[in-house]
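Report on the structure
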Amino acid sequence: MERFVKAVDQKGYRDIFSEEYELLEYLAFGKLTLDKGETFSADTSSFETALVILTGTATVETEGEKWKHLGGRKSVFHGKATTVYVPCQSSYQITADTDVKIAVCKVKAENKYQPFVVRPEEVVVHKRGEKEWNRTVNDIIADNADGRVHRMVLGETVNDAGQWSGYPPHKHDGEFAPEEPNLEEIYHYQVNPEQGFGVQHHYTKDGKIDTAYPIRHGDSFAIDIGYHPVGAAGGYQVYYLWFMAGESGRNLNPYEDPDHKWLHEQ
């Protein structure tokens, strides 16, 4: 079963990691591409859902709420996201005010909360890293959503050209619980300029997984276990939307590969 899924230019809704995807228990992911004036409706069933507007502007209706003209980014490299949280056991409708692309991030949930919007000015921005691993991390649904969501944690990361993130390499598969959380994660990438590339390294210490994937604009990656640093090629920014959930709650405490902790002491 493929963990890394290459981009496909497809109108409408594309299921990238389905709700039946065997490697993930809690997460599913799809991407919605609508032309101006088109609509899309869906039920969330047993998944709390975040609609992250990647580009364009849309109107979203759910649970008696209607938010008009959300979004507006030219690209994910032009400003922070607008995101609509839709609870489980609900339905929603999206109307494209312009051509629009939306990431549909699904997390298994039993508790139903109220829908809400996270606007760009509410996104919490972190500048993280040093030396060759500088990146910007935008927390969209994180500490600001305590008591408002069941399991979901979600944000966006941008690596500047030639920089790494998820670095020194870390993981969160619960191997060293309770200190290390057990959280699945999905990445969805964009590259600026679009013809560029990056690299997604993925490995486990026992060597059963030790591979690297070329990141291209629109690719996606499912992380069930292992370390997973991301590198941007020289001259190209790499963005990835990330979201995670698991059995250990919403606290993030990634476990760093001991072999690379010395990097902090350079």
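Criteria and cut-off values
Residues numbered from 1 in each chain as written. Predicted model: local features only at pLDDT ≥ 70, side-chain atom pairs only at ≥ 80, totals over all residues. Heavy atoms only, no water. Pairing = 2+ DSSP bridges. Helix = DSSP H or I, 4+ residues; strand = E, 2+ residues; numbered from the N terminus. Buried < 20%, exposed > 50% of the residue type's maximum accessible area, 1.4 Å probe, protein only. Lys, Arg positive; Asp, Glu negative; His and termini not counted. Salt bridge = Lys/Arg side-chain N within 4 Å of Asp/Glu carboxyl O. Polar contact = N/O pair within 3.5 Å; in protein donor to acceptor, adjacent residues only side chain to side chain. Contact = heavy atoms within 4.5 Å.

**Brief notes about the sheet that holds strand 21 (residues 237–246)**
As summarised here, the arrangement of the 7 strands in space is 1-19-16-21-13-12-11, forming an open sheet in which the pairing is antiparallel. If you trace the sheet from one side to the other, it starts and ends with strand 1 (4–5) and strand 11 (124–128), each paired once.

**Description of the pairing of strand 16 (residues 183–192)**
Counting buried residues along strand 16, 9 of its 10 residues qualify, which places the element largely inside the surrounding structure. Of the strand pairs in this sheet, strand 16 and strand 19 (residues 220–223) are connected by 4 bridges, and their pairing is antiparallel. Looking at the pairing, Ile186 lines up with Ala222 of strand 19.

**Considering the side chain of Glu256**
Its place among the elements puts Glu256 in strand 22 (residues 255–256). Buried charge without a salt bridge: Glu256, with Lys261 as the nearest opposite-charge side chain at an N-O distance of 5.3 Å. Only 2.9 Å separates the side chain of Glu256 from the side chain of His264, close enough to count as a polar contact. With residues up to four places along the chain from it excluded, the contact list for Glu256 reads Pro168, Pro169, His170, Tyr227, Lys261 and His264.

**Details of the pattern of salt bridges**
Going through the model one piece at a time under the given rule, you end up with 14 salt bridges. Measuring nitrogen to oxygen at the nearest pair gives 2.6 Å for the salt bridge that ties Lys6 to Asp219. Remark: Asp219 occurs in the loop between strand 18 (210–215) and strand 19 and Lys6 occurs in the loop between strand 1 and strand 2 (12–17); sequence separation between them is 213 residues. Taking the shortest distance from any N to any O, the salt bridge between Glu19 and Lys106 comes out at 3.1 Å. With Glu19 in the loop between strand 2 and strand 3 (27–34) and Lys106 in strand 9 (residues 100–108), the pair connects residues that are 87 residues apart, well separated along the chain. Each of Lys171, Asp173, Glu175 and Glu180 takes part in one network of salt bridges that share partners.

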